[in-house]
Amino acid sequence: MLRNQHADLGTPSRGCECGHGGRNGHGVGKPAREVTLSIDGKEITVPDGTSVLRAAALAGVGVPKLCATDTLEPFGSCRLCLVEIEGKRGFPASCTTLVEPGMKVKTFSERLASLRRGVMELYISDHPLDCLTCPADGDCELQDMAGDVGLREVRYGYAGKNHLQAAKEVSNPYFTFDPAKCIVCSRCVRACDEIQGTFALTVEGRGFDSLIQPGPTKEFLSSECVSCGACVLACPTSALMEKAVIDLGLPSESTDTTCAYCGVGCSFHAETKGATVVRMTPNRESLSNHGHSCVKGRFAWSYATSRDRVTKPMLRKNIEEPWKEVSWQEAIQYVASEFLRIREKHGRYSIGAVSSSRCTNEEDYIVQKLVRAVFRNNNIDTCARVCHSPTGYGLKKAFGESAGTNPFDSVDQANLIFVVGANPTDGHPVFGSRMKQRLRAGAKLIVADPRRIDLVRNPHIQADLYLPLRPGTNVALLNALAHVILEEKLENREYIEARCDLSAYEKWRAFVLRPENSPEAMAPVTGVPAETIRAAARLYATTKPAAIYYGLGVTEHSQGSTGVMCLANLGMLTGNVGVEGGGVNPLRGQNNVQGSCDMGSFPHELPGYRHISDQTARRSFEQAWKVEIDPEPGFRITNMLSAATIGEFKGLYMHGEDLVQSDPDASHVIEGLRNMELVVLHDIFLNESSQYAHVFLPGCSFLEKDGTFTNAERRIQLVRQVMPPLCGKQEWEVMQEIAQAMGYPMHYHHASEIMDEVARLTPTFSGVSFKKLAQLGSIQWPCNDRVPEGTPVLHQEQFVRGKGFFALTGYVATQERVSERFPLLLTTGRILFHYNVGTQTRRTANSTWSKEDLLEIHPSDAEERGIRDGDKTELRSRKGSAVMHCVVTERVAPGTVYATFHFPENRTNVLTTENSDWATNCPEYKVTAVQVSRVFEPVRGEERENGKAAKRREIVPAAGE
């Protein structure tokens with residue numbers, strides 16, 4: 001498979017009707033007319049505004065080219081795509097020449113052939129002739145074009161001035177840059193500008209002295225480059241080349257699959273040699289990423305074959321003992337017998353499971369089925385509990401559906417983007433790049449966040465309004481925005497009367513218009529000036545369409561569900577729900593947060609968000625599973641752990657989760673796990689929670705499994721097995737064998753059969769199958785007989801619940817308050833190069849950029865404490881302490897500090913409290929009162945704890961090995 005698959009101009013890039021190949025397009029909607037012209041005697045009709053180069057491609061005529069691709073704006077620098085046009089002087093570049101009615105184009109003649117060979121001679125005269133040993137041999141556009149123009153000899157020798165001795169730049173851990181092989185076509189520069197929006201590359205010098213440079217440092221690692229790989233993919237030679245390809249050679253096979261990092265759900269071609277993955281290249285046909293990628297999905301997949309992978313089951317009767325490797329049969333029998341023993345001794349409510357938002361829909365479905373049909377209770381919860389459970393509650397309450405409203409592509413129609421509590425360029429970088437494209441095209445931007453994220457201001461984008469609210473005051477701010485819209489009569493009354501519950505609306509309206517919700521009253525609470533709040537309200541209400549994008553900065557609060565309902569209220573108030581370019585859109589943190597919730601991983605809901613008390617829904621599963629299902633909701637994660645501390649919960653199956661590092665109040669989590677008689681961890685690595693587990697079942701990376709993920713826009717996509725499971729079994733097969741060993745007949749032969757069962761039992765997914773996904777590429781649910789190919793925009797004609805519901809959203813201050821002892825507020829988040837608790841990215845070269853968690857502190861707070869940039873600091877909260885180096889920066893406001901949580905040794909979650917969302921128990925990660933002080937010596941006890949952890953991780957090989 002050619003790495004430069006995007007060089008074909010036969011199809012338009014997304015959003016572009018003009019035919020220029022521009023990613024952003026030159027117009028809106030379809031052109032007004034069509035143009036008929038002749039190319040090499042063939043008559044063809046194309047849209048007005050199409051380039052001659054693309055028109056030729058549509059006519060089946062190939063024109064040589066090097067600088068042109070259909071993902072970038074036309075450039076016209078390589079001079080290979082020259083054509084003759086009757087009545088026009090000279091030889092215009094076909095990529096920058098637009099079609100005209102009656103135009104007669106000739107793409108080949110002796111004169112054109114001579115000109116093209118001359119151009120190629122000049123390129124080759126300053127290019128190493130080492131094709132047979134070049135890593136791009138057979139996958140090089142320069143090589144292809146030399147053959148295409150019939151170049152057989154080069155008249156110019158190497159005696160003159162050239163770039164052949166230029167030093168290779170190898171600082172980036174994933175790719176190299178060889179200036180000697182660069183033809184200065186500028187495709188890499190344009191990809192960085194137009195697709196990624198980072199502008200890290202530039203062309204320095206003119207004429208022969210032109211050189212591609214990665215910023216003023218002249219090396220990629222220290223430049224602004226974010227290693228998304230767009231430049232590497234765009235390069236037509238081996239000037240930019242993946243190090244894996246240099247080491248392993250070009251791949252020979254390709255399998256389409258879906259990234260296992262964030263909720264964007266990028267599709268990739270996993271390119272292999274045998275069972276070895278050589279590279280991951282983004283899929284141009286994917287509607288989630290359109291051929292773009294970020295550093296994690298593009299390059300950080302080597303964790304799948306890390307030496308840390310545990311590939312054999314392990315067992316121990318006591319958590320103080322070392323691990324002992326055992327056979328699959330022994331491990332499964334032990335797990336089954338222990339769950340049966342505990343259920344018999346302590347009752348069926350004493351055991352449960354936690355499913356993963358990083359695993360497939362099919363695996364999550366089987367975990368909840370294991371709990372309901374085999375454990376015989378509803379003690380099933382998912383890690384979505386600690387991130388986006390308020391999204392499910394809040395959006396369902398307002399709209400009737402627990403999911404975001406619009407596809408990612410919808411942002412191209414947004415004229416205003418309101419980002420609340422999210423950092424798209426770090427947390428969802430591919431969508432962040434898409435958003436930046438729209439902002440550069442003229443969309444307005446409002447950002448509400450305690451931390452000055454990159455979108456607020458950078459060299460190429462600046463927010464129209466930045467609302468630097470205090471942590472924990474989202475609801476106060478959002479109510480004040482609604483107050484202004486109503487007070488100044490900027491609401492969409494026609495939409496409200498047609499689409500919403502008027503009784504609920506009038507009650508909410510009266511509530512919001514109270515003086516205590518005014519910007520003037522809320523300014524002291526939020527820290528945002530009243531006039532700034534008013535300006536933001538006016539801008540949001542008067543710019544159509546307006547899209548809301550929010551993240552964990554909204555949901556991970558004690559009023560997380562209230563905050564989501566506030567956003568839903570704003571969307572309905574202004575008529576921005578159910579329209580292209582609008583909506584209320586959660587940026588889901590993990591690759592399958594949406595899917596794990598869809599599959600019934602909550603203790604109160606069956607698959608498809610049907611309440612467990614719904615007798616009709618419950619009966620359909622009972623008939624299919626041939627077992628009675630408990631009608632009462634089960635334990636949430638917090639309930640399981642609390643019950644364990646008092647001896648009432650005894651056994652836990654933990655699938656793909658690390659509760660110790662990812663859940664709040666780590667000390668409480670540890671206490672709960674310690675009190676259990678059986679903790680089963682099903683994962684690919686030993687993690688912090690494995691210290692308290694009795695059984696370790698090895699799992700599969702996304703490269704080793706078949707199934708589906710559902711991204712943040714409800715898009716279901718196939719995950720295809722690229723290499724055999726290193727542990728020998730798919731994860732759903734292990735769960736099935738546990739069920740069978742516990743006496744329940746569960747029989748599937750492939751993951752597709754699990755999805756078939758989901759479709760039979762869940763109306764929302766009744767039209768979904770692996771076969772249809774393979775045909776369509778992806779499906780956005782709901783997908784059924786009424787919408788057989790899915791639903792991109794929800795609530796277009798009416799809300800799922802009928803009439804939109806305006807919920808009362810009174811502001812209640814968090815219980816976590818600053819004090820003389822703890823005067824600062826800690827909020828947490830992610831950085832670009834690491835993901836969640838770092839289990840995957842820490843085992844890749846991404847650690848080149850970041851080797852530890854860092855604390856950001858404002859200069860005034862640092863000065864007050866005698867702290868300098870780079871100092872080691874101790875954070876102490878009411879729950880515990882953590883140690884990390886600091887960065888003194890004005891990205892955070894005085895009184896607020898910010899930290900990541902990617903490294904277990906920094907123990908960020910030890911600090912967090914037990915406070916949680918009132919409706920869903922989603923932890924309040926974003927507001928923790930702390931004190932920060934400079935550290936001169938290691939904190940006492942660290943060495944002792946590290947020694948204990950090392951012993952609990954010790955592995956005793958199986959007998960005979």
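Right above here is the structure, for reference.
Residues numbered from 1 in each chain as written. Predicted model: local features only at pLDDT ≥ 70, side-chain atom pairs only at ≥ 80, totals over all residues. Heavy atoms only, no water.

Draft legend 1. Region of interest: the pattern of salt bridges. Counted under the stated rule, the structure contains 45 salt bridges. The salt bridge involving Glu556 is made with Lys926; its shortest N-O contact spans 3.4 Å. With a gap of 370 residues between them, Glu556 in the loop between helix 18 (552-555) and helix 19 (560-573) and Lys926 in the loop between strand 35 (896-899) and strand 36 (928-934) connect regions that are remote in the sequence. Between Asp871 and Arg934 there is a salt bridge, and its shortest N-O distance comes to 3.3 Å. In this pair, Asp871 is assigned in the loop between helix 28 (859-864) and strand 33 (872-877) and Arg934 in strand 36, connecting sequence segments 63 residues apart. Note on Arg934: relative accessible area 29%, which makes it partly exposed. Each of Glu487, Glu488, Glu520, Glu531, Arg534 and Arg538 takes part in one network of salt bridges that share partners. (Salt bridge = Lys/Arg side-chain N within 4 Å of Asp/Glu carboxyl O. Helix = DSSP H or I, 4+ residues; strand = E, 2+ residues; numbered from the N terminus. Buried < 20%, exposed > 50% of the residue type's maximum accessible area, 1.4 Å probe, protein only.)

Draft legend 2. The arrangement of the nonpolar core in detail. Phe175, Leu240, Ile417 and Leu445 are the most contacted members of the largest nonpolar core, which has 68 residues in total. When residues of this core are assigned to their parent elements, the largest contribution, 4 residues, is made by helix 12 (residues 429-440). What Ile417 contacts, discounting residues up to four positions off in sequence, is Val411, Met435, Arg438, Leu439, Lys444, Leu445, Ile446, Ala547 and Tyr549. Counting residues in each nonpolar core, the second largest holds 67 residues, with Phe339, Val367, Cys700 and Met735 among its members. (Core = buried A, V, L, I, M, F, W, Y, C linked by side-chain atoms within 4.5 Å. Contact = heavy atoms within 4.5 Å.)

Draft legend 3. Local environment of the pairing of strand 32 (residues 854-857). Where strand 32 meets strand 34 (residues 881-888), 4 bridges bridge the pair, whose relative direction is parallel. When the sheet's bridge partners are listed, Leu854 is paired in strand 34 with His885. Of the strand pairs in this sheet, strand 32 and strand 35 are connected by 3 bridges, and their pairing is antiparallel. Along strand 35, the bridge assignment pairs Glu856 with Tyr898. (Pairing = 2+ DSSP bridges.)

Draft legend 4. Region of the structure containing the state of the cysteines. Following the criterion strictly, the structure yields 0 disulfides and no others. Of all cysteine sulfurs, the one in Cys140 lies closest to Cys134, which takes part in no disulfide; the gap is 6.3 Å. Free cysteine: Cys185, not disulfide-bonded; nearest cysteine sulfur from Cys188 at 6.3 Å. What makes Cys185 buried here is its relative accessible area of 6%. (Disulfide = S-S within 2.5 Å.)

Draft legend 5. Here's a closer look at the side chain of Asp364. Mapped onto the secondary structure, Asp364 falls in helix 9 (residues 361-375). Setting aside anything within four residues of it in sequence, one finds Asp364 in contact with Ser355, Ser356, Cys359, Asn592, Ser596, Met599, Ser601 and His655.

Draft legend 6. The sheet that holds strand 32, seen in detail. An order of 31-35-32-34-33-36 is seen for the 6 strands of this closed barrel, with the pairing classed as mixed. In this sheet, neighbouring strand axes are inclined to one another by 45° on average, regardless of whether the strands run parallel or antiparallel. The pairing of strand 33 with strand 36 spans 5 bridges and is antiparallel. Residue pairing in the sheet places Thr873 in a bridge with Arg934 of strand 36. (Axes fitted to C-alpha atoms, helices over the stretch in contact; angles between N-to-C directions.)

Draft legend 7. Structural context of the packing of aromatic side chains. Counted by the stated rule, this structure contains 22 aromatic pairs. Both rings, one in Tyr174 and one in Phe299, keep their centres 4.9 Å apart while their planes meet at 10°; by these two values the pair is stacked. Residue Tyr174 is located in the loop between helix 3 (141-148) and strand 5 (175-177), and its partner Phe299 is located in helix 7 (residues 295-299); the two are separated by 125 residues in the primary sequence. The exposure class assigned to Tyr174 is buried, which follows from its relative accessible area of 9%. (Phe/Tyr/Trp six-rings, centres within 6.5 Å; stacked < 30°, edge-to-face > 60°.)

Draft legend 8. Focus on the environment of Asn474. Positionally, Asn474 belongs in helix 13 (residues 474-487). The contacts of Asn474, once residues within four sequence positions are left out, are Leu469, Gly553, Val554 and His557.

Draft legend 9. Molecular detail of a nonpolar patch on the surface. On the surface, a cluster of nonpolar side chains totalling about 260 Å² of accessible area is made up of Leu122, Val154 and Tyr156. Tracing the backbone shows Leu122 in helix 2 (residues 110-125). (Patch = residues over 30% accessible without salt bridge, like charges linked within 9 Å, V, L, I, M, F, W, Y side chains within 5 Å. Areas by Shrake-Rupley, 256 points an atom, 1.4 Å probe, with all protein chains shown as cover.)

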